[in-house]
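# A closer look at the structure
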Amino acid sequence: MKSVVRADVDTAAADAGVPANAPEYSKDSAANSPVSCGVYFKGFGEDKASVDIARFEQVVNELLERAWVQTQPRTERKGDGVIGVAEVWLSQRGWKMSVEYRIPPEEGVITVKAYDVACLKKHNVLK
């Protein structure tokens, strides 16, 4: 299932036009650790391809099209009338996922963290 989640995250971000995953987030973690229970993505905006709230919404919509289900209302923090942080929680087949947008750095960043709930319970991270 982890490979399916990785494919969902990577293709949703690519289809939304988010720059490629930062190299340190695309590596697989050491087996048999709580970190190995997850899939991680971090796309930093660039001068030629900024990341904004619209791209965040596209990523979420792409994931919803891939049968992820939103489990909580979207949260936001605004500054000077501009959304500076937004987050949505999704779930599917025993996995939970946080999709987050932040305006700093200047070009924006979208972070996705997906976790296998059973794996985290096995490592006593969740009860």
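Residues numbered from 1 in each chain as written. Predicted model: local features only at pLDDT ≥ 70, side-chain atom pairs only at ≥ 80, totals over all residues. Heavy atoms only, no water.

This part is about the side chain of T111. Here T111 lies in strand 6 (residues 109-116). T111 sits in the buried class, given a relative accessible area of 8%. If we skip the residues at most four places from it in the chain, T111 touches F41, K42, S98, V99 and E100. (Helix = DSSP H or I, 4+ residues; strand = E, 2+ residues; numbered from the N terminus. Buried < 20%, exposed > 50% of the residue type's maximum accessible area, 1.4 Å probe, protein only. Contact = heavy atoms within 4.5 Å.)

Let us now look at the environment of Y115. Along the chain, Y115 falls in strand 6. Note on Y115: relative accessible area 23%, which makes it partly exposed. Placed 79 residues apart in sequence, Y115 and S36 show a C-alpha to C-alpha distance of 9.0 Å. Leaving out residues up to four positions away in the same chain, Y115 has contacts with C37, G38, Y40, G94, W95, K96 and L120.

The next subject is the state of the cysteines. Tallying each qualifying case throughout the model produces one disulfide. At a sulfur-sulfur separation of 1.9 Å, the disulfide partner of C37 is C119. Sign of the S-S torsion, about -65° for the bond between C37 and C119, identifies this disulfide as left-handed. A residue pair is termed long-range when its members are at least 10 positions apart, and C37 in the loop between helix 2 (23-26) and strand 1 (38-44) and C119 in helix 4 (residues 117-122) qualify at 82 residues. Note on C37: relative accessible area 2%, which makes it buried. For C119, a relative accessible area of 16% corresponds to the buried category. (Disulfide = S-S within 2.5 Å.)

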